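Here are the chains, one letter per residue:
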Amino acid sequence: MLKSSFAKLNMSRTLFEQSGQWDDGSSEAGGTNGLPTPIDNSGFVFFLSLAVDAMLFAGLVATYFVLRSGAESWPPADLPHLDSSIALRSTISLAVAAMCLTGMVFFQNRNALRIMRASLITAFLFLTTFLVLNGIEWKSLLANATPLRTIFGGIYFILTGVFHLHIAGGAIYVLAK
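Computed from a predicted model, the values in this text were never measured in an experiment.

Peer 1: Help me get a handle on unusual backbone geometry, residues and values and all.
Peer 2: Although it is not a glycine, Asn111 adopts a positive phi angle of roughly 60°. Residue position: Asn111 is located in the loop between helix 3 (84-109) and helix 4 (113-143). A relative accessible area of 61% places Asn111 in the exposed class.

Peer 1: Go over the nonpolar core with me, naming the residues and quoting the values.
Peer 2: Counting residues in hydrophobic clusters, the biggest one holds 5 residues: Tyr64, Trp74, Leu79, Phe152 and Ile155. Non-local contacts of Ile155, meaning those with residues more than four positions away in its chain, are made with Leu60, Thr63, Tyr64, Leu67 and Trp74.

Peer 1: Describe in detail the packing of aromatic side chains, supporting the description with residues and values.
Peer 2: One pass over the full model with this rule turns up 8 aromatic pairs. A network of ring pairs unites the aromatic residues Trp138, Phe152, Tyr156 and Phe157 as a single cluster.

Peer 1: Let's hear about a nonpolar patch on the surface: which residues, and what values?
Peer 2: Together, Ile39, Phe44, Val45, Phe46, Phe47, Leu48, Leu50, Val52, Met55 and Tyr173 give the surface a local cluster of nonpolar side chains, amounting to about 980 Å² of exposed area. Broken down by element, the residue count for the nonpolar patch peaks at 8 residues, all from helix 2 (residues 41-70). Locating Met55 in the fold gives a position in helix 2. Accessibility expressed as a relative area gives 60% for Met55, which makes it exposed.

Peer 1: Go over helix 3 with me, naming the residues and quoting the values.
Peer 2: In a regular helix each residue adds 1.5 Å, so 26 residues correspond to 38 Å; helix 3 covers 38 Å between its end C-alpha atoms and thus fits that length. Turning to helix 3, its buried residues are Ile86, Ser90, Ser93, Ala97, Cys100, Gly103 and Met104. Those residues of helix 3 that are buried are in contact with helix 4. Once helix 3 finishes, Asn111 follows within two positions and takes phi at roughly 60°, a positive value.

Peer 1: Account for the environment of Gly135, with residues named and values stated.
Peer 2: Here Gly135 is to be found in helix 4. Owing to a relative accessible area of 37%, Gly135 belongs among the partly exposed residues under this scheme. Sequence separation of Gly135 and His164 is 29 residues, and the distance between their C-alpha atoms is 9.3 Å.

Peer 1: Can you tell me about the side chain of Ser90, naming the residues and giving the values?
Peer 2: Secondary-structure assignment places Ser90 in helix 3. One polar contact links Ser90 to Asn134, side chain to side chain, over a distance of 3.4 Å.

About the thresholds
Residues numbered from 1 in each chain as written. Predicted model: local features only at pLDDT ≥ 70, side-chain atom pairs only at ≥ 80, totals over all residues. Heavy atoms only, no water. Helix = DSSP H or I, 4+ residues; strand = E, 2+ residues; numbered from the N terminus. Buried < 20%, exposed > 50% of the residue type's maximum accessible area, 1.4 Å probe, protein only. Core = buried A, V, L, I, M, F, W, Y, C linked by side-chain atoms within 4.5 Å. Contact = heavy atoms within 4.5 Å. Phe/Tyr/Trp six-rings, centres within 6.5 Å; stacked < 30°, edge-to-face > 60°. Patch = residues over 30% accessible without salt bridge, like charges linked within 9 Å, V, L, I, M, F, W, Y side chains within 5 Å. Areas by Shrake-Rupley, 256 points an atom, 1.4 Å probe, with all protein chains shown as cover. Salt bridge = Lys/Arg side-chain N within 4 Å of Asp/Glu carboxyl O. Expected span 1.5 Å × (residues − 1). Polar contact = N/O pair within 3.5 Å; in protein donor to acceptor, adjacent residues only side chain to side chain.

Next comes the structure, spelled out in structure tokens:
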């Protein structure tokens, strides 16, 4: 029985070799025989962190919706409201940074490295502005005794804190590249 299994395996290999689909690593083109090469380590880490990031945010946003649907009033009436001018400037900073990062990829694909670097630096400055403005917002909320032990305060600070770590981690990753 073992002998017939080896014979079948050898016949399968012969068929693959004849069809050009067998690769034993000995071909002149580096052993890939036209097959796609695996991704490098930095690409793998990037996609792994992207998947973890997506799952983390999906879980946090789902938590927000579950907690909000179960609350009697959202946000609680006794909490201070966000400073709309800081929130507007933060949103504009984040939108401009996103446009700059999109432009950076566009210019990188066209090999316009000087414009790409300028776009990257501009995006970094706007992301830093976003983080500073959100830090100011956090400071004012904590100074006005926004309770961290309430459901609203807990989910707000967790969601925005993880988002800040996401922005800072992305900026560090891009600068390290």
